Amino acid sequence: MVWTNSKDTALRERAQAVIPNGMYGHQSVFMLPDDFPQFFSRGQGAYMWDVDGNRYLDFLCGYGPNLFGYAHADIDKAYSDRTAQGDTLTGPGAEMVELAEAMVGLVSHADWAMFCKNGTDATTMAMMIARNHTKKNTIVLAKGAYHGAAPWCTPLKGGVTAADRAHQVFYEYNDVESLEAAVREAGSDLAAIFASPIKHDTFVDQELPNPAYARRARELCDEHGALLIVDDVRAGLRLARDSSWSLVGVKPDLSSWGKAIANGHPISALLGAEAFRMAAATIYVTGSFWFSAAPMAAALATLKLVRETDYLERTIALGERLRAGLDESAARHGFGLRQTGPAQIPLIMFEDDPDAAKAYAWNNALIRRGVYMHPWHNMFICAAMTEADIDFALNVADDAFKTVREAGPLEPVAKLAILHAMVDA
Ligand SMILES: *Cc1c(COP(=O)(O)O)cnc(C)c1O
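Rules used throughout
- Residues numbered from 1 in each chain as written.
- Predicted model: local features only at pLDDT ≥ 70, side-chain atom pairs only at ≥ 80, totals over all residues.
- Heavy atoms only, no water.
- Core = buried A, V, L, I, M, F, W, Y, C linked by side-chain atoms within 4.5 Å.
- Buried < 20%, exposed > 50% of the residue type's maximum accessible area, 1.4 Å probe, protein only.
- Helix = DSSP H or I, 4+ residues; strand = E, 2+ residues; numbered from the N terminus.
- Domains from an automatic or database assignment.
- Contact = heavy atoms within 4.5 Å.
- Polar contact = N/O pair within 3.5 Å; in protein donor to acceptor, adjacent residues only side chain to side chain.
- Pairing = 2+ DSSP bridges.
- Axes fitted to C-alpha atoms, helices over the stretch in contact; angles between N-to-C directions.
- Lys, Arg positive; Asp, Glu negative; His and termini not counted.
- Salt bridge = Lys/Arg side-chain N within 4 Å of Asp/Glu carboxyl O.
- Near = heavy atom within 4 Å.
- Nonpolar A, V, L, I, M, F, W, Y, C, P; charged D, E, K, R; others polar.
- Buried area = accessible area lost by both parts, 1.4 Å probe.

### Brief notes about the nonpolar core
So, point 1. Counting 56 residues, the largest nonpolar core has Phe59, Leu322, Leu326, Trp362, Met373, Met385 and Phe401 as its most contacted members.
So, point 2. Elements with a contribution of two residues or more to this core: β2 (47-50), β3 (55-58), α9 (311-332), β12 (347-350), α10 (357-368), β13 (371-372), α11 (387-407) and α12 (414-424).
So, point 3. When residues of this core are assigned to domains, at least three map to each of domain 1 (6-70 + 310-424) and domain 2 (88-291).
So, point 4. Setting aside residues up to four positions removed in sequence, Leu322 forms contacts with Phe59, Met373, Ile381, Ile390, Ala393 and Leu394.

This is how it looks when you write it as structure tokens:
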């Protein structure tokens with residue numbers, strides 16, 4: 001089938017009239033290579049189709065929620081069966097207790113669970129519980145880490161006041177001295193240290209947590225009576241069948257979850273240890289849709305697959321196959337790649353590519369050939385992918401490297417400079 005985007009283009013024009021800037025947040029493809037589609041019609045397994053009918057092997061996985069494949073039969077049946085019985089009632093169903101039991105059973109640091117809709121709800125609740133428990137204000141956060149899009153944490157500054165960002169001190173991820181300095185600056189007002197389970201910031205190489213850094217964060221919290229919060233919204237269930245920091249032997253006090261826990265159905269969670277149960281019980285948090293039963297049924301079906309299948313080992317093996325194949329192919333065409341982070345959460349950037357021109361040209365060539373990747377955001381391997389899918393991606397990637405090589409000198413990516421200016425403003 002010939003790649004076309006006439007329907008997408010027409011929808012974009014209509015969107016300009018009725019949606020600010022045509023789209024907002026991470027869903028705006030304005031900052032992506034030119035041919036990225038904005039609107040999609042369906043997904044099945046590891047693939048999605050745009051409104052023009054072009055098929056993509058999707059390495060963004062909905063930016064995280066797709067863990068077991070789109071339109072997963074068992075998970076979506078659990079969801080639709082519960083929807084047929086009534087979803088958002090005046091109160092929750094038995095699923096709420098079953099799901100809390102399932103999460104507490106899975107995650108070793110957790111003694112209780114609360115459910116909400118977005119990852120931002122969970123990270124915001126974590127901050128509130130830490131402040132409620134300690135009766136202190138200051139939170140220490142890693143520079144550049146994403147914890148959501150509320151005024152206290154959203155990456156751009158529009159509509160945000162200085163008061164929204166008060167009581168925050170920043171450190172460099174994985175840097176013990178900088179963490180200690182931030183804790184010193186917080187002084188006697190330290191309420192919590194936030195950490196991403198891995199460094200998965202945009203535009204920069206990913207980093208696994210240095211165990212010495214993770215252990216020091218735990219010690220500093222213990223010394224100061226502060227809470228250690230691990231934000232597992234993005235990496236949760238993709239690194240371990242437990243808190244991601246179980247891999248470095250560090251137990252957080254609170255952890256936030258979202259994205260993949262119901263394989264795309266809207267639910268997020270905050271998990272906590274016994275000592276913080278009372279602080280959690282005495283903040284007022286709720287939402288019109290937080291008690292809906294169907295996403296909880298979907299989460300229970302997802303967690304069953306987490307417990308009972310080898311999805312994790314398979315996504316790691318597939319990610320390693322992709323990484324090795326891409327390195328080999330890139331080298332053959334004279335490119336060096338920076339492939340960072342865990343293999344199942346890949347980030348792919350180019351060496352000698354300061355303005356991302358190579359990355360944009362390569363990703364644009366991938367899109368035209370049916371592979372959806374991203375030039376500066378981490379991606380995901382989903383458990384619906386097969387070795388044949390990875391080999392399809394590798395063939396397409398090889399052809400795309402050839403296209404970029406033969407294109408010769410590339411124009412700098414002007415839209416990326418605009419984006420950087422917005423972040424730094
Ligand atoms: C996506 C994300 C959030 C916010 O989750 P939403 O559901 O988009 O509100 C918070 N933390 C991390 C690490 C994330 O990746």
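### Thoughts on the environment of Asp87
So, point 1. Tracing the backbone through its elements, the reader meets Asp87 in the loop between α2 (73-84) and α3 (95-106).
So, point 2. By relative accessible area, which is 18% here, Asp87 ends up buried.
So, point 3. As a C-alpha pair, Asp87 and Ser292 span 205 residues in sequence and 5.2 Å in three-dimensional space.
So, point 4. The residues contacting Asp87, other than those within four sequence positions of it, are Tyr79, Arg82, Ser292, Ala293, Ala294 and Pro295.
So, point 5. Here the side chain of Asp87 touches Ala293 through a polar contact of 3.0 Å, landing on its backbone nitrogen.
So, point 6. A distance of 2.9 Å separates a polar atom in the side chain of Asp87 from the backbone nitrogen of Ala294.

### Brief notes about the sheet that holds β2
So, point 1. If you trace the four strands from one edge of the open sheet to the other, you get β1-β2-β3-β13, paired in mixed fashion. The open sheet is flanked by β1 (40-44) and β13, the only strands paired with a single partner.
So, point 2. The strands touched by α11 are β2, β3 and β13; relative to β3, the strand with the most contacts, the crossing angle is about 110°.

### Examining the side chain of Asp231
So, point 1. Its location among the elements puts Asp231 in strand β8 (residues 227-231).
So, point 2. Here Asp231 is buried and forms no salt bridge, its nearest opposite-charge partner Lys259 lying at an N-O distance of 7.4 Å.
So, point 3. Within the local environment of Asp231, its side chain forms a polar contact with the side chain of Ser256, the two groups lying 2.9 Å apart.

### Let's talk about the pattern of salt bridges
So, point 1. Taken as a whole and judged by the stated rule, the model has 23 salt bridges.
So, point 2. For Arg241, the salt bridge is made with Glu313, and the minimal N-O distance between the two is 2.8 Å. Here Arg241, found in the loop between β8 and β9 (254-257), pairs with Glu313, found in helix α9; they are 72 residues apart in sequence, far enough to count as distant.
So, point 3. With a closest N to O distance of 3.1 Å, Asp398 and Arg332 form a salt bridge. With Asp398 in helix α11 and Arg332 in helix α9, this pair connects stretches of sequence that are 66 residues apart.
So, point 4. Members of the salt-bridge network, linked through shared partners, are Glu180, Arg216, Glu219 and Glu223.

### Here we look at the site of the ligand
So, point 1. Around the ligand, the surrounding shell consists of Asn118, Gly119, Thr120, Tyr146, His147, Gly148, His200, Asp231, Val233, Arg234 and Lys259.
So, point 2. Between the ligand and Asn118 there is a distance of 3.1 Å, counted from an oxygen atom to a side-chain nitrogen or oxygen.
So, point 3. One of the side-chain nitrogen or oxygen atoms of Arg234 is found 2.8 Å away from an oxygen atom of the ligand.
So, point 4. Per-class residue counts for the shell around the ligand are two nonpolar, six polar and three charged.

### Here we look at the environment of Asp242
So, point 1. The topology assignment puts Asp242 in the loop between β8 and β9.
So, point 2. When the C-alpha positions of Asp242 and Ser108 are compared, they lie 6.4 Å apart, and in sequence the two are 134 residues distant.
So, point 3. Residues within four places of Asp242 in sequence aside, it is in contact with Leu106, Val107, Ser108 and Trp257.
So, point 4. There is a polar contact of 2.7 Å between the side chain of Asp242 and the side chain of Ser108.

### Quick notes on the domain arrangement of the chain
So, point 1. What the domain assignment lists for the chain is domain 1 (6-70 + 310-424) and domain 2 (88-291).
So, point 2. For domain 1 versus domain 2, the distance between C-alpha centres works out to 28 Å.
So, point 3. Counting from both sides, the interface comprises 31 residues of domain 1 and, opposite them, 22 residues of domain 2.
So, point 4. For the domain 1 and domain 2 pair, buried surface summed over both sides reaches about 2,300 Å², with 58% attributable to carbon and sulfur atoms.
So, point 5. If you look at where domain 1 meets domain 2, you find two salt bridges.

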